[in-house]
Amino acid sequence: MHLIMTDIATGEAHRPGRIEVVCGSMFSGKTEELIRRMRRAMFARQQVEIFKPAIDTRYSDQDVVSHDRHSIQSTPVDTSAQILLLATGIDVVGIDEAQFFDDGIIDVCNTLANRGIRVIVAGLDMDFKGIPFGPIPALCAIADDVTKVHAICVKCGNLAYVSHRTVNESKRVLLGETQQYEPLCRECYKKSTEDNI
């Protein structure tokens, strides 16, 4: 009994795995929130590892970098299966830009959480057409906690709903910054798409 109480007091008796999803439009602070949570875990002396899709080279080939240039070291991977192989002996796994991963990322996150690992996932919940993006909806469904963050609409100042693409490009994946996208609320997005019809 004494041993159990001591372990509980130090918080090390059992660290249950969990999945946390941070989602929203571009410029809403998803990556910033991921970095904040990972840094807190590092400060608590937990073993952490951050992964990102290898195709995301916008600000850095290696690091996860937010739009306001905060960064944290990461490991770029080509497939979600690589995350399982590289997450040995880790307490907290961070995954950025999860919308770009294959659907296997759902099983990967579940497997990690079932091993007692805290998994923090950040990603776009919708593409530029307002369509749910990749594995993010399924990750929200299996998550223990979902945080939806919002950018501010550049047209009216209300909470943004979607990442509106400002360049004429129809392919779904277009890695971009402020030159290619702007956050818009539902009403302003509706007006912008009607104007382009």
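Criteria and thresholds
- Residues numbered from 1 in each chain as written.
- Predicted model: local features only at pLDDT ≥ 70, side-chain atom pairs only at ≥ 80, totals over all residues.
- Heavy atoms only, no water.
- Helix = DSSP H or I, 4+ residues; strand = E, 2+ residues; numbered from the N terminus.
- Buried < 20%, exposed > 50% of the residue type's maximum accessible area, 1.4 Å probe, protein only.
- Contact = heavy atoms within 4.5 Å.
- Areas by Shrake-Rupley, 256 points an atom, 1.4 Å probe, with all protein chains shown as cover.
- Arc of directions from axis to C-beta.

A. Structural context of the overall build of the chain. Along the backbone of the chain there are 6 helices and 10 strands. Expressed as a percentage of the 197 residues in the chain, the buried residues total 43%. Considering only contacts within the chain whose residues lie at least 6 apart along the sequence, 70% involve residues at least 24 apart. For the chain, the exposed area adds up to about 10500 Å²; of that, 51% sits on carbon and sulfur atoms.

B. The arrangement of helix H4 (residues 104-114) in detail. For H4, the set of buried residues is Ile105, Ile106, Val108, Cys109, Leu112 and Ala113. Each buried residue of H4 sits inside an arc of 165° when the element is viewed along its axis, so together they form one side. Within H4, the exposed residues directed more than 90 degrees away from the buried face are Asp107 and Asn114. At its buried positions, H4 is contacted by strand E1 (18-24), helix H3 (81-86), strand E6 (92-95), strand E7 (118-124) and helix H5 (136-142). Backbone geometry just after H4 places Gly116 at a positive phi near 95°.

C. Summary view of unusual backbone geometry. Its identity is not glycine, yet Phe27 carries a phi of approximately 65°, on the positive side. The topology assignment puts Phe27 in the loop between E1 and helix H2 (30-43). With a relative accessible area of 24%, Phe27 lands in the partly exposed category. Positive phi, close to 65°, is recorded for Arg45, a residue that is not glycine. If you trace the backbone, Arg45 turns up in the loop between H2 and strand E2 (48-53). On the basis of relative accessibility, which here comes to 75%, the residue Arg45 falls in the exposed class.

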